[in-house]
Amino acid sequence: MAAAPLPSPSLAMAPAEAAPAVEILGVDKVFADGTRGLTPIDLTVAQGEFVSLIGPSGCGKSTLLSLIANLIQPTDGRLLWWRGGFDKVGQPGRRLSIVFQDATLMPWARVEGNVRLPLDLARMPKDEAAPRVDEALALVGLSSHGRLYPRQLSGGMRMRVSIARALVTEPDMLLMDEPFGALDEFTRNRLDSDLSELWRLRGFTTIFVTHSIYEAVFLSTRIVVMAAQPGRLFREIEIDEPFPRGDAFRTSAKFADYCRELSVALMEASLASGRGRDR
Amino acid sequence: MTPLAHSERFKTYFPPVATGIAMLAAWEAACRWFEIPVFLVPAPSVVADSFLNNASSLFRALGSTLKVTFIAFALAIVIGVLTAFLFVQSRAIERSLFPYAVMLQVTPIVAIAPLLIILVKDTQTALVLCATLIALFPIISNTTIGLRTVDPGLANLFRINKASGLQTLLRLRIPSALPYFFAGLRISSGLALIGAVVAEFVAGTGGRSAGLAYEILQSGFELDIPRMFAALFLITIAGVVLFVAMAGLSAWALGGWHDSERRIEA
Ligand SMILES: Nc1ncnc2c1ncn2[C@@H]1O[C@H](COP(=O)(O)OP(=O)(O)O)[C@@H](O)[C@H]1O
Ligand SMILES: [Mg+2]
């Protein structure tokens, strides 16, 4: 269907009409120990897109996300955030948030303290921050849990806190690295639905790493399939389905078709990966 | 069963207390039955008697020992924490100083005490110095490890939010270090008491500033064994109280969040 093999990694993949949120220009990453994390990659994600990265483990999904979060520096090539450098990130219209696989909460702080952290670090006065914290907690359905400590919450609730913390700064781009990977199927589906709704209402650009075919198809406007050894972009699939998406989409024939298509692409990516062959 | 027998407190405290009472009773009975001479092993009742008769001098001695202990403990905390902060500033500083901290730790305090007591004129200062030296290491090493043990995910989060060095220290490193610091406190409090008593033994100070070690030495010279036991009993009690106090402080500070202080839910 919408799948297109990538003839060369330099193919730009953003819809032409929207302004880019992040541009990855010929970026590669060789780690200090000589491991090749990524071969030169070109990828443009437009403002408002929901892009999922999927691929065999070790294909560089987390590396790519860390590069976009500026947690590591590219060995070669460069990145642009809203057509500018990272020093401008954080200004209005250029806010970046990240959600990790585990909730990564401060165990010593209450839920509200955890959610307030980005505002505290930006030195926002407490009385100004409080309503925003309340709003973020309401968005993830945890309004009555602000006074609790993380250890008093279930895994799914902790993940919600982590998302509330990411949303409290009203980000323009949200990076998520397998955020629901450790949760059971039921909780994951609920959080997926909630996230999809939040994304639709808030319009933040999202780059979402996942292992789940269903999750990727359900959430994304576009899926980027990656292959390993060396880490590279392998194929992209557009998911042409309007939002809001609900359970009707999850159980539709179209959904099943997309899943099958993605599954085949993943298998091919796996075979094309150096490590895929001896599995 | 009565509600008392069901309560958690009862289940926690009854077994050790019962064991203690049974052992004291057996000890008392054995002393009387076999007519063991008082200068070998005095019966608990004789020790208690001696304790009451010598209470004023024993408690004065306890006060003196505790004063040394507390000053040394406080000094160890201040010096230990400052050293730990210095160590985490740079690996180079840690690498050049850490071996000496280890040397300080492995050298038996009894071996340095005579030297210190000769070198330092004021005996009280020498005692504090000995006890500080012995209590210092656990605080340095625990706090250093604690300040370094930071969740890498949280560290990344702070970086993405462009946290300053000071913000990272106050909001991330110090809270992360607290459980380690308190574990260090628990060990150090006991060591400070041991250091104080050992130093007193070596110094053998008498007069107004005589500590519990002096009471024990003096009782030995006078073959007043019950008084010796009474002094020993006081040292043990002081050590237990210190430990419990530190455990309580740790539970109070970390109770809300840290695993080591969580009650096991039945
Ligand atoms: N800090 C690092 N040092 C050396 N190699 C690394 C480092 N981080 C990741 N790698 C390697 O880079 C490759 C891509 O890793 P990663 O991005 O974590 O993959 P993914 O998230 O897709 O599973 C892997 O081969 C991994 O072993
Ligand atoms: Mg990963």
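Let me sum up the structure you'll find in this document. Because the structure is predicted, anything quoted here is derived from the model rather than measured.

To continue, consider the sheet that holds strand S5 (residues 76-81) of chain A. Residue and element names in this part refer to chain A. Strand order in this open sheet of three strands is S3-S2-S5, and the pairing throughout is antiparallel. Since the sheet does not close on itself, it has two edges, and those belong to strand S3 (36-46) and S5, each with one partner. In this sheet, adjacent strand axes meet at a mean angle of 15° when their direction is disregarded. Bridge count between strand S2 (residues 20-30) and S5: five bridges; the pairing is antiparallel. The residue bridging Glu23 from the neighbouring strand is Leu80, located in S5. In the packing of helix H1 (residues 61-68) onto the sheet, the strands contacted are S2, S3 and S5, and the crossing angle to S2 comes to about 120°.

On to the pairing of strand S4 (residues 50-54) of chain A, then. Residues and elements named next belong to chain A. Burial within S4 is extensive, with five of its five residues counted as buried. Taking every second residue as pointing to the same face, both faces of S4 are buried, with Phe50, Ser52 and Ile54 on one and Val51 and Leu53 on the other. Across four bridges, S4 lies against strand S8 (residues 205-209) in parallel orientation. In the strand pairing of S8, Leu53 is matched with Val209. Where S4 lies against strand S9 (residues 222-227), four bridges are found, and the strand directions are parallel. The partner of Leu53 across the bridge, within S9, is Val224.

To continue, consider the pairing of S2 of chain A. Residue and element names in this part refer to chain A. Within S2, eight of the eleven residues are buried, which leaves the element mostly enclosed by the surrounding structure. The pairing of S2 with S3 spans seven bridges and is classified as antiparallel. Directly across from Pro20, in S3, lies its bridge partner Ala46. In sequence, S2 turns back onto S3 through a hairpin of five residues, with Gly34 there showing a positive phi of about 95°.

Thresholds applied
- Residues numbered from 1 in each chain as written.
- Chains lettered and ligands numbered in written order.
- Predicted model: local features only at pLDDT ≥ 70, side-chain atom pairs only at ≥ 80, totals over all residues.
- Heavy atoms only, no water.
- Pairing = 2+ DSSP bridges.
- Helix = DSSP H or I, 4+ residues; strand = E, 2+ residues; numbered from the N terminus.
- Axes fitted to C-alpha atoms, helices over the stretch in contact; angles between N-to-C directions.
- Contact = heavy atoms within 4.5 Å.
- Buried < 20%, exposed > 50% of the residue type's maximum accessible area, 1.4 Å probe, protein only.

Geometry only, nothing functional implied.
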